[in-house]
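Topology and contacts: notes
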There are 2 protein chains.
Amino acid sequence: MPTLTFKLNPLLYLRDPQHTELGQKIISASVTLIDKLGFEQFTFKKLAEEIDSTEASIYRYFENKHRLLLYLIGWYWNWLEYRIDLFTSVLTDPVEKLKACIRVIAEKKKYDTNFDFIDEEALYRIVLAELDKTYLTKQVDVDNKDGLFGGFKSICKKIAEWIKEINPDYPYPHALISTTLLTAKQQIFFADHLPSLTDFKKVSDQAGALEDFLLNLIFQSIKKS
Amino acid sequence: MPTLTFKLNPLLYLRDPQHTELGQKIISASVTLIDKLGFEQFTFKKLAEEIDSTEASIYRYFENKHRLLLYLIGWYWNWLEYRIDLFTSVLTDPVEKLKACIRVIAEKKKYDTNFDFIDEEALYRIVLAELDKTYLTKQVDVDNKDGLFGGFKSICKKIAEWIKEINPDYPYPHALISTTLLTAKQQIFFADHLPSLTDFKKVSDQAGALEDFLLNLIFQSIKKS
DNA sequence: GTTTTATGATAGTAATACTATTATATTTGT
DNA sequence: ACAAATATAATAGTATTACTATCATAAAAC
């Protein structure tokens with residue numbers, strides 16, 4: 001089985017980390033380290049120590065740690081879209097597509113052997129804790145102009161099309177799907193850390209209940225009246 | 001008309017800023033400055049210069065800038081709950097209460113003369129951009145144990161009760177309301193910065209459409225089947 | 001076999017997030 | 001009215017962060 005790679009927006013990096021050994025080590029170790037320390041405590045210096053390299057070398061790949069985070073989250077969106085495609089491309093009915101897609105969004109993320117040097121479980125924990133920090137910045141408009149949020153937008157657009165097919169009169173397809181994508185990760189975070197803000201349990205079959213919640217949320221909302 | 005004050009969790013501060021002139025200046029100026037610079041660029045040093053005081057003096061009121069942010073956001077939740085109470089306490093029907101409440105959540109926030117030294121419009125912009133950073137940290141569990149998210153939880157609990165009254169069989173009242181509260185601010189942020197993730201416009205009557213979206217989202221979800 | 005390119009080693013800087021100390025001004029208790 | 005307590009200001013200092021710059025060397029490409 002060939003290892004797949006995603007073509008990410010080149011503005012995310014200075015040198016493409018997928019094409020060199022050091023680059024791959026940077027990606028791989030940054031996932032582990034951000035997961036462990038949290039983005040605030042994570043530094044290029046610590047990362048350099050981890051992979052026996054130097055700060056200066058890492059700066060040749062990424063302008064700063066925010067761009068690196070954008071890269072990782074961008075990779076995640078690509079991976080999620082790839083998974084959505086995997087489970088929906090065979091389907092024709094948009095209702096079925098939407099259902100399959102919600103399952104992918106709500107499912108517990110597992111390590112994907114198609115992609116070397118990225119631990120998807122750790123990456124998803126990063127998504128849970130750090131995603132919002134990619135756009136909640138003063139430079140959001142500049143970053144957006146550079147297309148750095150393309151992965152998120154792409155998924156949103158795709159799913160919004162299905163919603164429009166199901167009910168062309170529903171006026172808020174983009175809002176509904178961006179809400180769904182963010183709600184999925186928020187509720188998992190709340191289940192883990194702020195349980196009184198949710199109804200999902202940490203341990204047991206959280207994904208199933210979450211999927212049920214999201215299915216209800218979406219399909220009731222877009223129902224023709 | 002008497003100026004109202006909220007009793008906030010004392011663990012949020014070292015010295016109560018509401019009770020001294022310097023404290024009030026700290027609160028007031030930090031709202032302006034965080035709004036202007038963003039939380040990342042905001043420092044106690046810049047704040048001290050702004051109010052002609054010193055870093056050391058500010059540190060006597062707040063342990064660090066994260067606690068100060070928690071204080072401001074805590075104040076916001078108290079203010080929002082106060083507004084919800086204001087518009088719902090006269091109502092008896094939980095459906096009506098819920099509707100009125102959604103209106104308060106979706107409405108454009110205006111300066112409230114009942115509260116001196118807090119600019120609610122600026123504070124709401126801070127909420128839009130910085131709220132998630134209060135809990136997306138490595139110390140979230142410690143902070144939660146200290147009750148620092150009490151304001152958010154309190155609102156959630158209150159509204160969840162109304163949902164339970166309307167439909168006792170709906171299984172996800174807390175998830176639904178925390179989703180609503182966060183969605184409201186996310187969609188406003190997206191309208192301003194990432195318009196392809198939403199269907200709301202920046203300029204015109206965004207609040208009205210947003211309210212409609214949220215009303216539909218909630219009432220369709222909790223509808224008895 | 002030389003030129004290009006990538007990496008490593010090392011150094012340096014301004015800013016940040018604090019902590020500590022002392023002096024002075026103000027308020028409070030008696 | 002005076003001493004004691006308290007709040008604030010002024011100043012200094014520290015470890016860490018987020019970079020930038022320079023130079024040497026090793027590996028790859030032409």
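Before reading further, recall that the structure is shown in the block above.
What you see is a predicted model; the values in this text were computed from it and never measured. (Residues numbered from 1 in each chain as written. Chains lettered and ligands numbered in written order. Predicted model: local features only at pLDDT ≥ 70, side-chain atom pairs only at ≥ 80, totals over all residues. Heavy atoms only, no water.)

What about the overall build of chain A?
Secondary structure assignment for chain A yields 10 helices and zero strands. Put simply, chain A runs from its N terminus to its C terminus through helices and strands in the order α-α-α-α-α-α-α-α-α-α. A globule of 225 residues ought to have a C-alpha radius of gyration of about 17 Å, and chain A, at 18 Å, matches this closely. Seen along its three principal axes, the alpha-carbon backbone of chain A occupies a region of about 60 × 40 × 35 Å. A burial count over chain A gives 57% of its 225 residues as buried. Put simply, of all contacts in chain A between residues at least 6 apart along the chain, 70% involve residues at least 24 apart. Accessible surface, chain A: about 9,800 Å² in total, of which carbon and sulfur atoms supply 53%. (Helix = DSSP H or I, 4+ residues; strand = E, 2+ residues; numbered from the N terminus. Rg over C-alpha atoms; globule rule 2.2 N^0.38 Å. Buried < 20%, exposed > 50% of the residue type's maximum accessible area, 1.4 Å probe, protein only. Contact = heavy atoms within 4.5 Å. Areas by Shrake-Rupley, 256 points an atom, 1.4 Å probe, with all protein chains shown as cover.)

Examining the interface of chain A and chain B
On the side of chain B, 49 residues touch chain A, which itself brings 49 residues to the contact. The contact between chain A and chain B buries some 4,100 Å² in all, and 60% of this surface belongs to carbon and sulfur atoms. Counting across the chain A and chain B interface gives zero salt bridges. Where chain A packs against chain B, one counts 24 residue pairs in polar contact (both at pLDDT 80 or more). Those elements that place two or more of their residues in the side of chain A that touches chain B are α1 (21–37), α6 (120–135), α7 (140–145), α8 (150–166), α9 (173–193) and α10 (206–222) of chain A. Examining the composition of the side of chain A that touches chain B, we find that 14 residues originate from one element, α9 of chain A, more than from any other. (Buried area = accessible area lost by both parts, 1.4 Å probe. Salt bridge = Lys/Arg side-chain N within 4 Å of Asp/Glu carboxyl O. Polar contact = N/O pair within 3.5 Å; in protein donor to acceptor, adjacent residues only side chain to side chain.)

Notes on the relation of the copies chain A and chain B
Of the transformation superimposing chain A on chain B, the axial component is 0.0 Å and the angular component is 180°, with the fit at an RMSD of 0.0 Å. Put plainly, the chains are arranged around a two-fold axis. Minimal C-alpha distance to the rotation axis in chain A is attained by Gln 220 of chain A, lying at 2.7 Å. Both copies present the same face, since 100% of the interface residues in chain A are matched by interface residues at the equivalent positions in chain B. (Least-squares fit on C-alpha atoms with pLDDT ≥ 70 in both.)

Let's talk about the protein's contact with DNA strand D
Neighbouring DNA strand D are 17 residues, the closest being Glu 55, Tyr 59 and Asn 64 of chain A together with Ser 53 and Tyr 61 of chain B. By atom count, sugar and phosphate contribute 59% of the portion of DNA strand D lying within 4 Å of the protein. At 3.3 Å, a side-chain N or O of Arg 15 of chain B approaches a phosphate oxygen of DNA strand D. Within the side chain of Tyr 61 of chain B, one N or O atom sits 3.0 Å away from a phosphate oxygen of DNA strand D. Counting only elements with at least two residues in the surface near DNA strand D, the list comes to α3 (55–59) of chain A together with α3 (55–59) of chain B. Take the surface near DNA strand D: its biggest share by element is three residues, from α3 of chain A. The residue makeup of the surface near DNA strand D, split by class, is five nonpolar, five polar and seven charged. (Near = heavy atom within 4 Å. Nonpolar A, V, L, I, M, F, W, Y, C, P; charged D, E, K, R; others polar.)

Quick notes on the pattern of salt bridges
Within this structure, the stated rule accounts for 24 salt bridges over all chains. Of the charged contacts, one joins Glu 211 of chain A and Arg 103 of chain A as a salt bridge, the two residues approaching to 3.3 Å between their closest N and O atoms. Taken together, the residues Glu 211 of chain A in helix α10 and Arg 103 of chain A in helix α5 (residues 94–106) connect sequence positions 108 residues apart. As a salt-bridge pair, Arg 67 of chain B and Glu 63 of chain B come within 3.9 Å of each other at their nearest N and O atoms. Note on Arg 67 of chain B: relative accessible area 12%, which makes it buried. Linked by salt bridges that have partners in common, Glu 63, Arg 67, Asp 143 and Asp 146 of chain A make up one network.

Regarding the layout of surface pockets
Its boundaries defined by the atoms lining it, the largest pocket holds a volume of some 1,000 Å³. Along the walls of the largest pocket sit 40 residues, with Arg 125, Leu 128, Ala 129, Phe 189 and His 193 of chain A positioned nearest its centre. Among the elements of the structure, α1, α6, α9 and α10 of chain A together with α4 (65–88) and α7 (140–145) of chain B are those that each provide at least two residues to the lining of the largest pocket. Ranked by residues supplied to the lining of the largest pocket, first place goes to α6 of chain A with eight residues. Taken together, the residues that form the lining of the largest pocket break down as 14 nonpolar, nine polar and 17 charged. (1 Å grid on protein atoms, 1.4 Å probe; cavity = no way out; pocket = protein on both sides within 12 Å on 5 of 7 lines; lining within 4 Å. Points joined across faces, edges and corners; volume = space filled by probe spheres on them.)

Observations concerning the protein's contact with DNA strand C
Around DNA strand C, a shell composed of 17 residues is seen, among which Ser 53, Arg 60 and Tyr 61 of chain A together with Glu 55 and Tyr 59 of chain B lie nearest. Counting only atoms of DNA strand C within 4 Å of the protein, the fraction found in sugar and phosphate groups is 59%. One nitrogen or oxygen atom from the side chain of Arg 60 of chain A is found 2.9 Å from a base oxygen belonging to DNA strand C. Of all the elements in the fold, those that place two or more residues in the surface near DNA strand C are α3 of chain A together with α3 of chain B. Of the residues contributing to the surface near DNA strand C, the split by class is five nonpolar, five polar and seven charged.

Some points on the packing of aromatic side chains
Centre distance and the angle of the planes are the two values used to describe a pair of aromatic rings. This structure, assessed with the given rule, holds 44 aromatic pairs over all chains. A centroid spacing of 5.8 Å and a plane angle of 90° characterise the contact between Tyr 170 of chain A and Tyr 172 of chain A, whose relative ring orientation is edge-to-face. Exposure remark for Tyr 172 of chain A: the relative accessible area of 9% places this residue in the buried category. A ring pair is formed by Phe 6 of chain B and Tyr 82 of chain B, whose centres lie 6.1 Å apart and whose planes are at 65°; its orientation type is edge-to-face. Pair noted here: Phe 6 of chain B is in the segment before α1 (21–37) and Tyr 82 of chain B is in helix α4, with a separation of 76 residues, a long-range link. Side by side, Phe 6 of chain B and Tyr 82 of chain B carry an identical accessibility label, which is buried. Ring pairing ties together the aromatic residues Tyr 76, Trp 77, Trp 79, Tyr 124, Tyr 135 and Phe 152 of chain A together with Phe 189 and Phe 190 of chain B, which thus form one cluster. If you follow Arg 15 of chain A out to its NZ or CZ, it ends over the ring of Tyr 61 of chain A, 5.5 Å from the centre. (Phe/Tyr/Trp six-rings, centres within 6.5 Å; stacked < 30°, edge-to-face > 60°. Lys NZ or Arg CZ within 6 Å of the ring centre and 35° of its normal.)

Don't take any of this as a statement about function, it's just geometry.
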